[in-house]
Amino acid sequence: MAQYSSGTQMNYPTNLDIVDYKIKVKQFGFAGLPNETEEFFAKQLNDRIITELNTKHHMNVNKLKKYICEFGHKFYDEMIKKIPEEVNETLDDEKKKEIYTRFVGDYFEAFAEFFLKTFDNDSRFGVKDYHPAIETEDMGVDGYGLCYNDTTGENKCVVQVKYRVDTMNEIEYSALARTFTQGVMEFGVNPNIDNCIILFSSCKGANYRAHNVLKNTLFEINDKKIDNEINNVQFWNEFVKLF
């Protein structure tokens, strides 16, 4: 069990459901190619972060996003070379962009899962018993669990994971409205309890309209909250093991 200097203890997870699932159904690859390429670049990205911490002793969300983008482009370049010419010719620019966004999205969702499982039932992050919603159609919910202070097993919550390069970007109400609707209709969320819609984002968080409409149902884990916890070599060493 790892421990911060502040005395906070962390129980690191021993598996990542989203990684296990994607490997099992071979969704890591693109155009029918194997998933080893994405795993290779994910491991390289993790190694870069650990090197950064060991040499400069500092990691934050902006640096994390820089590395995610860098290795997302490397992944894209490698996959383009591997895609058969006859398949490549059928891909428009938008479809090719999905190669890059797939790596970025997969990595950040895996990071979110590790983070939320590490800080399970921590009041600062609002959720316990977190699981990625990997077997449902993505209509706004990326994960689900129980509200951190739940004692009955009935106060369910859902999580939306949003990766944004621009730290000042705000997540629009429309995106969170889908999370709210799917959470209530498919995941049994009680819309009358606080903090049942959780936004995990790499930017400043939800916009004014989202706050104004969702009020106390919305709980945010934004870049500043994440920053406070990831400047830690042990955190990344444990994350690396799960790839």
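Residues numbered from 1 in each chain as written. Predicted model: local features only at pLDDT ≥ 70, side-chain atom pairs only at ≥ 80, totals over all residues. Heavy atoms only, no water.

1. Concerning the nonpolar core
One finds Tyr107, Phe111, Phe115, Phe200 and Trp236 to be the most contacted residues of the largest nonpolar core, which totals 73 residues. At 12 residues, helix 5 (residues 93-118) tops the list of elements feeding residues into this core. Residues in contact with Trp236, not counting those within four places in the same chain, are Ile49, Ile50, Leu53, Met59, Leu64, Tyr107, Phe111 and Ile230. (Core = buried A, V, L, I, M, F, W, Y, C linked by side-chain atoms within 4.5 Å. Buried < 20%, exposed > 50% of the residue type's maximum accessible area, 1.4 Å probe, protein only. Helix = DSSP H or I, 4+ residues; strand = E, 2+ residues; numbered from the N terminus. Contact = heavy atoms within 4.5 Å.)

2. Remarks on unusual backbone geometry
The phi torsion at Asn121 lies on the positive side, around 60°, for a residue other than glycine. With respect to the secondary-structure elements, Asn121 resides in the loop between helix 5 and strand 3 (127-132). Under the relative-accessibility criterion, Asn121 is labelled partly exposed at 37%. With phi around 55°, Asp129 is a residue other than glycine that occupies positive phi space. Examined against the element boundaries, Asp129 turns out to sit in strand 3. With a relative accessible area of 43%, Asp129 lands in the partly exposed category.

3. Comments concerning the pairing of strand 4 (residues 143-147)
Taken residue by residue, a regular strand's side chains alternate between the two faces of the sheet. Of all 5 residues in strand 4, 4 are buried; the element is thus mostly enclosed. Bridge analysis of strand 3 against strand 4 gives 4 bridges, and the strand direction is antiparallel. For Pro132, the partnering residue across the bridge sits in strand 4 and is Gly143. Pairing geometry for strand 4 and strand 5 (residues 156-162), over 4 bridges, is antiparallel. Across the sheet, Gly145 pairs through a bridge with Cys157, a residue of strand 5. (Pairing = 2+ DSSP bridges.)

4. Digging into the confidence of the model for the protein
Per-residue confidence for the protein averages 85 on the pLDDT scale, and 89% of its residues sit at or above 70. No element of the protein has a lower mean pLDDT than strand 1 (residues 2-3), which averages 40, and none a higher one than strand 7 (residues 197-201), which averages 97. Counting interchain partners and residues more than four positions distant, the pLDDT-below-50 stretch residues 1-7 has 14 contacts. Note on residues 28-34: pLDDT is under 50 here. Beyond four places in sequence and across chains, it has 20 contacts. (pLDDT = per-residue confidence, 0-100.)

5. With respect to the packing of aromatic side chains
Considering all chains together, one arrives at 24 aromatic pairs under this definition. The interplanar angle of 10° and the centroid separation of 5.7 Å between the aromatic rings of Phe111 and Trp236 together place this pair among those described as stacked. Of this pair, Phe111 sits in helix 5 while Trp236 is found in helix 9 (residues 233-241), placing the two residues 125 residues apart along the sequence. Like Trp236, Phe111 is buried. Positioned above the aromatic ring of Phe71 is the side chain of Lys74, whose terminal nitrogen or guanidinium carbon lies 4.6 Å from the ring centre. (Phe/Tyr/Trp six-rings, centres within 6.5 Å; stacked < 30°, edge-to-face > 60°. Lys NZ or Arg CZ within 6 Å of the ring centre and 35° of its normal.)

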